[in-house]
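This is what each chain is made of:
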Amino acid sequence: MKNPIFADLSLLFITIIWGMTFVIVQDAINFLPPIAFNGIRFLLAAILLIIGLFIFERKQLKEINFKLIASGFLIGFWLFLGYITQTIGLLYTTTSKAGFITGLSVILVPLFSLFFLKQVPSKNAILGVLTATIGLFLLTMTDVTGLNIGDGFVFICAISFAFQIILTSKFSSKYPTLLLTVIQILTVAVLSVFFSICFEDWQKVLNPQLLFSKDIIIALVITGVFATAVAFFVQTKFQKYTSTTRVALIFTMEPVVAAITGFFWAHEHLSYSALFGCMLIFMGMIFAELPAGKIRMIRKSKSFEG
């Protein structure tokens, strides 16, 4: 369970879930306001996690203190800020540009880790980050246009997600996993509901015919249970056993899975450059997993064979 490879595979599993649910979320926010959808989604996840906490880990409740609550709130705040700025940004910029800018957290995470956690990324990890960033560009940036205010909001989103990853690494080893996850998810739920009431049309949300429609219920169950409750519990549980840079690299697989899912499910176009970008992202993740010096040995072996 504490093996870094097992931890990375667990994080890859939730990344695949996030990527596969991207199309579902896009369809759902065509009917529900996006911040309201996130509020309901995270509220459902929080309720499920609280029930699980009382049934399976009630003893963790004895460990509640101000530092734990503050840590969970801080992680949840950055996660919420990431979601809301991405949502606002998508109103002004293209999905492809938003995908690329959000993915820039793969560069921000090792930089922030160096300053805040004193974690120095390995040469293999740096090579993996550069390779994945090029792949991310090829996958998402099919048309390059000028920057706009939406891109600025999405860049704040990338910074927020980077801090969420870093803070999860910092606090997940100090506090009980399930309890920390509950506080994080509940923070996102409360903040999302509050901002939705302030800035969105809640009469639309309270329409029972819409809220209890088959498509919305399926979307909320899938995203609330698997893409939120399970996913963030797994992240909090296993991220402590791997480096933040590797986590960021693994999470770059989300747009890859989303692109493949969109191709088969929503019949979206997938160009040759996008396919090559997917390959580079995957290679970047593999580079980061190789032991130190392994890439250099492979190069020497190929040079000898030549």
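Look up a bit, the structure's there.
**Student:** Explain the environment of Cys278 to me, please; I cannot follow it from the model alone.
**Tutor:** In this structure, Cys278 sits in helix H15 (residues 272-289). The class of Cys278 is buried, set by a relative accessible area of 9%. Leave out the neighbours within four places in its chain, and Cys278 touches Leu139 and Val256.

**Student:** Whenever I open this one, the pattern of salt bridges confuses me. Can you help?
**Tutor:** Close approach of charged atoms lets side chains of opposite charge pair. For the coordinates displayed, the defined rule picks out one salt bridge. Between Arg246 and Asp8 there is a salt bridge, and its shortest N-O distance comes to 2.7 Å. Of this pair, Arg246 sits in helix H13 (residues 244-251) while Asp8 sits in helix H1 (residues 4-20); the two residues are 238 residues apart in sequence, bridging distant segments of the chain. As far as burial versus exposure is concerned, Arg246 and Asp8 are alike and both buried.

**Student:** What am I meant to see in helix H6 (residues 105-117) here?
**Tutor:** Along an α-helix, a turn takes 3.6 residues, which lines up residues three or four apart on a common side. Every buried residue belonging to H6 is among Ser105, Val106, Leu108, Val109, Pro110, Phe112 and Ser113, and all of these are buried. Within two residues after H6, Lys118 carries a phi angle of roughly 60 degrees, on the positive side.

**Student:** What is the right way to look at the nonpolar core in this model?
**Tutor:** In summary, soluble globular proteins display a tendency toward joint burial of nonpolar side chains. With 71 residues, the main nonpolar core has Phe42 and Phe251 as its most contacted residues. Per-element tally for this core: the top contributor is helix H8 (residues 149-171), with 10 residues. Discounting residues that sit within four places of it in the chain, Phe251 has contacts with Leu11, Ile14, Thr15, Trp18, Ile165 and Gln235. In this structure, Val25, Ala36, Leu211 and Leu220 belong to the second largest nonpolar core, which totals 12 residues.

**Student:** Help me out: how do you make sense of unusual backbone geometry in this one?
**Tutor:** Of all residues except glycine, most have a negative phi; of all peptide bonds, most are trans. Positive phi, close to 60 degrees, is recorded for Lys118, a residue that is not glycine. Examined against the element boundaries, Lys118 turns out to sit in the loop between H6 and helix H7 (123-140). A relative accessible area of 65% places Lys118 in the exposed class.

**Student:** For this particular structure, what's the right way to read the environment of Thr244?
**Tutor:** The topology assignment puts Thr244 in helix H13. The buried category is assigned to Thr244, whose relative accessible area is 0%. Separated by 82 residues in the primary sequence, Thr244 and Ala162 have C-alpha atoms spaced 9.1 Å apart. Discounting chain neighbours no more than four positions away, the residues touching Thr244 are Val109, Ser113, Leu117, Gln119, Ile165, Ile166 and Ser169.

**Student:** Would you explain the packing of aromatic side chains in this entry?
**Tutor:** Pairs of aromatic rings are described using the distance from one ring centre to the other and the angle between the two planes. This structure, assessed with the given rule, holds 15 aromatic pairs. An angle of 45 degrees between the planes, with centres 5.3 Å apart, marks the rings of Phe80 and Phe195 as tilted. Of this pair, Phe80 sits in helix H4 (residues 66-89) while Phe195 sits in helix H9 (residues 177-199), and the two are 115 residues apart along the sequence. Judged by its relative accessible area of 26%, Phe195 falls in the partly exposed class. Put simply, the rings of Trp18, Phe42, Tyr83, Phe161, Phe232 and Phe251 touch in pairs and so form one group of aromatic residues.

**Student:** What is the right way to read the packing of H13 against helix H14 (residues 253-265) from this model?
**Tutor:** Where H13 contacts H14, the two axes come as close as 5 Å, and the packing angle between them is 15 degrees. The pairing of H13 with H14 is recorded here as roughly parallel in orientation. Between H13 and H14, the residues in contact are Leu249, Ile250 and Phe251 and Met253, Glu254 and Pro255, respectively. Its residues placed into classes, the contact of H13 with H14 shows five nonpolar, no polar and one charged.

**Student:** Is there a simple way to think about the side chain of Thr85 in this case?
**Tutor:** For Thr85, the position within the fold is in helix H4. On the basis of relative accessible area, Thr85 is assigned to the buried category, the value being 5%. Within polar-contact distance, the side chain of Thr85 engages the backbone oxygen of Gly82 at 3.3 Å. In contact with Thr85, other than residues within four places in its own chain, are Phe153, Val154, Ile156 and Cys157.

Rules and cut-offs
Residues numbered from 1 in each chain as written. Predicted model: local features only at pLDDT ≥ 70, side-chain atom pairs only at ≥ 80, totals over all residues. Heavy atoms only, no water. Helix = DSSP H or I, 4+ residues; strand = E, 2+ residues; numbered from the N terminus. Buried < 20%, exposed > 50% of the residue type's maximum accessible area, 1.4 Å probe, protein only. Contact = heavy atoms within 4.5 Å. Salt bridge = Lys/Arg side-chain N within 4 Å of Asp/Glu carboxyl O. Core = buried A, V, L, I, M, F, W, Y, C linked by side-chain atoms within 4.5 Å. Phe/Tyr/Trp six-rings, centres within 6.5 Å; stacked < 30°, edge-to-face > 60°. Axes fitted to C-alpha atoms, helices over the stretch in contact; angles between N-to-C directions. Parallel < 35°, antiparallel > 145°, perpendicular 65-115°, else oblique. Nonpolar A, V, L, I, M, F, W, Y, C, P; charged D, E, K, R; others polar. Polar contact = N/O pair within 3.5 Å; in protein donor to acceptor, adjacent residues only side chain to side chain.

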